[in-house]
Amino acid sequence: MKFSVQKSVAGATILSLITFATVSLSLTMDLHSYDFFETPNVPAVELSEIPEQEASLARLRRDEKLLYQASLRQEKLKRAEETLKILDETEDIWLRRSPELHAALKEEAGTQRDLALLSSFNNQDSTCPGTSSNDLLLLQGIGAYGRTGNNLIEFLHALQYARDNDVTLGIMSNSWAFRLILDMWMSVQDDDWQTHFEEELCVKIFHHQDEWKGYNLLLPELQAPRLLTQHLFMYKSNSKLDHYIGDQVKYLQTLFRHYNNGDGTASRGEPVQNMCSGLNAVFGLYYKDTIYSVVHQRHLEGLPGVRIMKKMNERSGCHPTGALDMEPDYIKSILEPLGMLKYPIVVISDGQSPSVIERLQTDPEISKVLRVAKGDWVGGDLTLAIMSNVFIGNPASTFSGFIAKSRLALGFGHNYLFRAKDETTGMWKTVCGDTCVFDKQIMAAMS
């Protein structure tokens, strides 16, 4: 394999991944690990001390070892050259920006820098907001703005709003937010569950309206669920980019420390599903040892998707239709340099554009390893994509964005959402790094 692609693990191993991401976050493309010019250390054979036949065998073994180590050295040089090329390509976009925007976005373009950035937040203040305030942002009602991807952003933005404004975030136990979280994370399993939920997410659960009397209810004019959730979706934090990423990553890590494994119940008392169900469905019992890639194909209701991608193209430099069409050459431009075309490629899709899957099924290389997820449950698709070795997504999709953010929070690189064709060579390249999915200048409300 030409790059070091992280091995996929799931189940209980997610917990160790979070610890790994929080404490060390090893860099997946660390060029300093290559000993480019090291002379192979092969012990000399004392020919005078062994018979002639053994000496001949010793020479053969020595020569084979020299050839093997020389080939390893050449492979390291080749990998390093390709890595440097990709890192250079991801920096192209920064050179095209204004000095002001360049300063705002800093230099975090590319997996190596992005993962390193997260290590700055190991000792971030863990005090819950609202402890010195009587203000309450309350999530209530069953209606919300948009689909699951939007709702996840709305919840993360609500947590951020509470942090930014030092107010308490309240959640009614019959609300859309309660149902959203418990369906996938933090299932009810014991009598102490509510206290644990509140402490972990820094929120306050209310079961009846009279319980929040005495609080100063914020945004009362927006308490209709759809109005408030739309407002939260559009919320843009004033925090600096690196601080915003640090907060969001902590929220994501908290959720995945408590992913549902089939034990416990959800908001209405029904049994929860296993977040690893998508992995089980595609790969069976041996999914923990499987190397694979995931392609998230999202059509975005046709023309609205085209309009969103056009704006994304203007803000990030990505191709305006590449991530919508997911042509075979687009996917192969990512997977071939990584040596991943020989491993399973799983497509998760909204089903709105079957022609995309049909093109992949007729490609002579991709069709050999292509699998299409059934999409029985959004939580299963979510984990299937997050735990992949390589993720190819659509930057205009809130679901793709949540997957990419979660992967970064867990220490996974090889996330490909922002791609464009080089005008000179015609080759596809990455034009914006992993942290771009958090950036307000690029993602706007979806950040």
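So, here's what we can say about the structure. (Residues numbered from 1 in each chain as written. Predicted model: local features only at pLDDT ≥ 70, side-chain atom pairs only at ≥ 80, totals over all residues. Heavy atoms only, no water.)

**Notes on helix H9 (residues 241–257)**
- Look at H9: 24 Å from first C-alpha to last across 17 residues, which is about the 24 Å you get at 1.5 Å a residue.
- The buried fraction of H9 amounts to 14 of the 17 residues, a majority that puts the element mostly inside the structure. (Helix = DSSP H or I, 4+ residues; strand = E, 2+ residues; numbered from the N terminus. Expected span 1.5 Å × (residues − 1). Buried < 20%, exposed > 50% of the residue type's maximum accessible area, 1.4 Å probe, protein only.)

**Things to note about the sheet that holds strand E3 (residues 203–206)**
- The strand order E3-E2-E1-E4 describes an open sheet built from four strands, whose pairing is parallel. What marks the edges here is a single partner per strand, and that holds for E3 and strand E4 (216–217).
- In terms of strand pairing, strand E1 (residues 135–139) meets strand E2 (residues 168–172) through four bridges, oriented parallel. Bridged to Leu 139 within E2 is Ile 171.
- Strands E1, E2 and E3 of the sheet are contacted by helix H6 (residues 176–184), whose axis makes an angle of about 85 degrees with E2. (Pairing = 2+ DSSP bridges. Contact = heavy atoms within 4.5 Å. Axes fitted to C-alpha atoms, helices over the stretch in contact; angles between N-to-C directions.)

**Overview of the nonpolar core**
- Counting residues in each nonpolar core, the largest one holds 111 residues, and the members touching the most others are Leu 139, Phe 155, Trp 185, Phe 197, Leu 384, Ile 392 and Phe 418.
- Contact partners of Phe 155, with chain neighbours within four places excluded, come to Leu 139, Ile 171, Trp 176, Ala 177, Leu 180, Ile 181 and Leu 201.
- Ranked by size, the runner-up nonpolar core spans six residues in total, among them Leu 136, Phe 206, Trp 212 and Leu 217. (Core = buried A, V, L, I, M, F, W, Y, C linked by side-chain atoms within 4.5 Å.)

**A few points about the packing of helix H5 (residues 148–165) against helix H8 (residues 225–234)**
- Orientation of H5 relative to H8, taken along the N-to-C sense of each, is 75 degrees, at an axis distance of 8 Å. Relative to H8, the element H5 is oriented roughly perpendicular. Facing H5, whose interface residues are Asn 150, Ile 153, Glu 154, His 157 and Ala 158, H8 presents Thr 229, Leu 232 and Phe 233.
- Of the residues belonging to the contact of H5 with H8, the class tally is four nonpolar, three polar and one charged. (Parallel < 35°, antiparallel > 145°, perpendicular 65-115°, else oblique. Nonpolar A, V, L, I, M, F, W, Y, C, P; charged D, E, K, R; others polar.)

**Brief notes about the sheet that holds strand E7 (residues 370–372)**
- The strand order across the open sheet formed by five strands is E7-E6-E5-E8-E9, and the pairing between neighbours is parallel. Bordering the open sheet on either side are E7 and strand E9 (415–416), each of which pairs with just one other strand.
- As paired strands, strand E5 (residues 293–297) and strand E6 (residues 345–349) are joined by five bridges and run parallel to one another. For Val 294, the partnering residue across the bridge sits in E6 and is Val 346.
- Contacting E5, E6 and E7, helix H14 (residues 354–362) crosses the sheet at an angle of about 155 degrees to E7.
- Along the sheet face, helix H16 (residues 398–409) touches E5, E6, strand E8 (390–392) and E9 and points at about 155 degrees away from the line of E8.

**As for the state of the cysteines**
- Under the counting rule described, the total for this entry stands at two disulfides.
- Here Cys 128 engages in a disulfide with Cys 202; their sulfurs sit 1.9 Å apart. Residues Cys 128 and Cys 202 are joined through a disulfide that is left-handed, its torsion about the S-S bond being -70 degrees. One end of the pair, Cys 128, is in the loop between helix H4 (111–118) and E1; the other, Cys 202, is in the loop between helix H7 (193–201) and E3, and 74 residues separate them in sequence.
- The residue that forms a disulfide with Cys 432 is Cys 436, at a sulfur-sulfur distance of 1.9 Å. With the S-S dihedral at roughly -75 degrees, the linkage between Cys 432 and Cys 436 falls on the left-handed side. The two residues Cys 432 and Cys 436 agree in class, both being buried. (Disulfide = S-S within 2.5 Å.)

**Points about the pattern of salt bridges**
- Taken as a whole and judged by the stated rule, the model has six salt bridges.
- A salt bridge links Arg 257 to Glu 200; the shortest N-O distance between them is 3.6 Å. Note that Arg 257 is positioned in helix H9 and Glu 200 in helix H7, a separation of 57 residues in sequence.
- Of the residues examined, Arg 257 reaches a relative accessible area of 36% and is grouped as partly exposed.
- Between Glu 327 and Arg 359 there is a salt bridge, and its shortest N-O distance comes to 3.2 Å. Of the two residues, Glu 327 is situated in the loop between helix H12 (322–325) and helix H13 (328–338) and Arg 359 in helix H14; the sequence distance between them amounts to 32 residues.
- Take Glu 327: its relative accessible area is 31%, and that puts it in the partly exposed class.
- Classification of Arg 359 as partly exposed rests on a relative accessible area of 26%.
- The network of salt bridges with shared partners includes Lys 332, Asp 363 and Glu 365. (Salt bridge = Lys/Arg side-chain N within 4 Å of Asp/Glu carboxyl O.)

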